[in-house]
Amino acid sequence: MNVYRIDVSGRTVKKEKLPQSYRLLGARGLVSSIIAAEVDPTCDPLGPKNKLVFGTGLFAGTSVSSSSRTSVGTKSPLTGGIKESSAGGPAGLYLGKLGIKAIIIEGAPQDDQWHYLKIDKDGAALLPAGELAGLGCYDACKKLQKKYGNKCSIFVIGQAGEHKMFAANIAATDKEGVPTRQFGRGGVGAVMGAKKIKAVVIDGADVGYVQPLDKEAVKNASKKFAQGLLKNPVSGNALPKYGTAVLVNIINNVGALPTRNFSAGTFEEVNQISGEAMTELQTKRGGKVGHACTPGCVIRCSNIYLDKDGNEITGGFEYESICLLGSNLGIGNLDDIAHLNRLCDDYGLDTIEVGAAIGIAMEAGILLFGSFAAAKEAIHSIARGDVLGRVLGQGAKVTGQVFGINRIPVVKGQAMAAYDPRGIKGMGAIYAVTPMGADHTAGPSCTTFIKAKPEEQVSLAKEYHIKATALDNTGLCRFCSYSVFNDPDTLHALLELIKGYYNIEITTDDFWNWGKKILHIELDFNKKAGFTVEANRIPEFMHTEELRPNEVVFDIPNEELDNILKF
Ligand code: SF4
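Just so it is clear, the structure is predicted and the values come from calculations on it, not from any experiment.

Taken as a whole and judged by the stated rule, the model has 12 aromatic pairs. Seen from their ring centres, phenylalanine 155 and phenylalanine 183 are 5.1 Å apart, and the 85° between their planes marks the pair as edge-to-face. In this pair, phenylalanine 155 sits in strand β9 (residues 153–156) while phenylalanine 183 sits in strand β11 (residues 181–183), placing the two residues 28 residues apart along the sequence. Of the residues examined, phenylalanine 183 reaches a relative accessible area of 0% and is grouped as buried. Ring pairs connect the aromatic residues Tyr464, Phe485, Phe511, Trp512 and Trp514, which therefore count as one cluster.

Printed below as a string of structure tokens:
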């Protein structure tokens, strides 16, 4: 396997062999290891010493279900610590087929010219992107697809990334070529903008699949793995039927649905924004639920959302976005929320960070709660780079500081996802301790915590913080966790796949220990960047302000949070 190293200072492109020591690292494990090895933890995230690394998983380029997610790693401008963010779409599949394990973008541009990176079977080249500058992700992709065809996969930044805003994401195209998949968190788009790279085009659809060493064993294991995913009631039924929006009602029922800037845990218009409502509406309109963002995913949690006239508004319309751009803003109309989601995808913005920032601006009285028009105009202002947009585009923490609001739902400067930690305390523990900032994907699914007793929350957070990190090393979609964590047959099939592709036998313990090793690398980076245990805390207001209607506070003691990281 190979690595492309792109130095934007001299506009050089080098192909290197992947070091042997990185062979069993994939996705999060790979990008975090490269960042830790090559980036000064104290550097300016938007300066020349920071790097942006795309890395594929262990099964990239194969037909293993849900295996072609790509990770991006960097030092985050939002948190100041190490960052890994992952996205779906076929890019990982194509990179794997092309034999590319990682793309490292480094250095600092010497002028104001934008470029894009084109990768295909003949090599890689940095090309001028003049005509793409200033475009949103949708238009930029259309222009690139006109040139290279619809089969290529694209990573792209919008106006927010060009403005180097801390809420900027990097979009990835789905299998239809639409930029609906997102490397969402931590301001990774700002780092790409600082390197003046507008897009990465990957042309690998027509290259053959990676062949395993043991074809028969892999064929059987792959089948068993897919069967395990389909047998699980969440990954085999709820997600394809309702998408992640199935969580809207579940989280509302336990009183943890962030509503009006985390001031309540239930939303009076929940029935209009639920997964059930979305499936019913989209079935009538001819939209699609049960959509696979990447070829071969059997879970198919994604969707294509149409308006009443049958025109596509958005895709990959997730629970997190529905909550942060919906209930958190007091907006209870799915079409309106879908429009906000589309704008964020087009401008290259993290829906969670922007939803949290606008919620704070609404609490400050700058914008009106419940006003779709105000939220829409606020997102436009981020893309334009107006003064208000510049504030909101820096995320929830800066917005709260500028407008004097104390209810700022962040950890390590990153906005919380759609689970109020007062209502789901184990999720709060995960938000607190993960090296990534408040990240809901760093532990088990929220339902694991919901089903557990109060006294089990911390031990579950500790166990699954490690297990989720191990799974992240594979590049498998996190929705495989429902089966991998709970069904020994699926886990066994996964270990068989590793054996079949890498000719190495590992035990279950070896596999979970990958999680510990990766976490140690990331925690060490953050320590060198200046983080102390005080960074691993839930905001003070959540300890004192009771969340309506269940009147609960976050009450896991700090010492117990600290113990989660003792392994
Ligand atoms: S489960 Fe959903 S997000 Fe994961 S790879 Fe499949 S369609 Fe994409």
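Turning next to unusual backbone geometry. Cis geometry is found at the peptide bond from arginine 548 to proline 549, where omega equals 0°. Topologically, proline 549 is positioned in the loop between α23 (541–544) and α24 (558–564). The residue lysine 164 is not glycine, and still its phi comes out positive at about 60°. In this structure, lysine 164 sits in the loop between α4 (159–162) and β10 (170–172).

What follows is about the pattern of salt bridges. Across all of its chains, the model carries 33 salt bridges by this definition. Lysine 308 is the partner of aspartate 309 in a salt bridge, and the nearest nitrogen-oxygen pair spans 3.8 Å. Aspartate 309 sits in the exposed class, given a relative accessible area of 58%. Note on lysine 308: relative accessible area 65%, which makes it exposed. It is possible to trace a salt-bridge network through shared partners that takes in Arg5, Glu16, Glu38, Lys51 and Glu106.

Analysis parameters
- Residues numbered from 1 in each chain as written.
- Predicted model: local features only at pLDDT ≥ 70, side-chain atom pairs only at ≥ 80, totals over all residues.
- Heavy atoms only, no water.
- Phe/Tyr/Trp six-rings, centres within 6.5 Å; stacked < 30°, edge-to-face > 60°.
- Helix = DSSP H or I, 4+ residues; strand = E, 2+ residues; numbered from the N terminus.
- Buried < 20%, exposed > 50% of the residue type's maximum accessible area, 1.4 Å probe, protein only.
- Salt bridge = Lys/Arg side-chain N within 4 Å of Asp/Glu carboxyl O.

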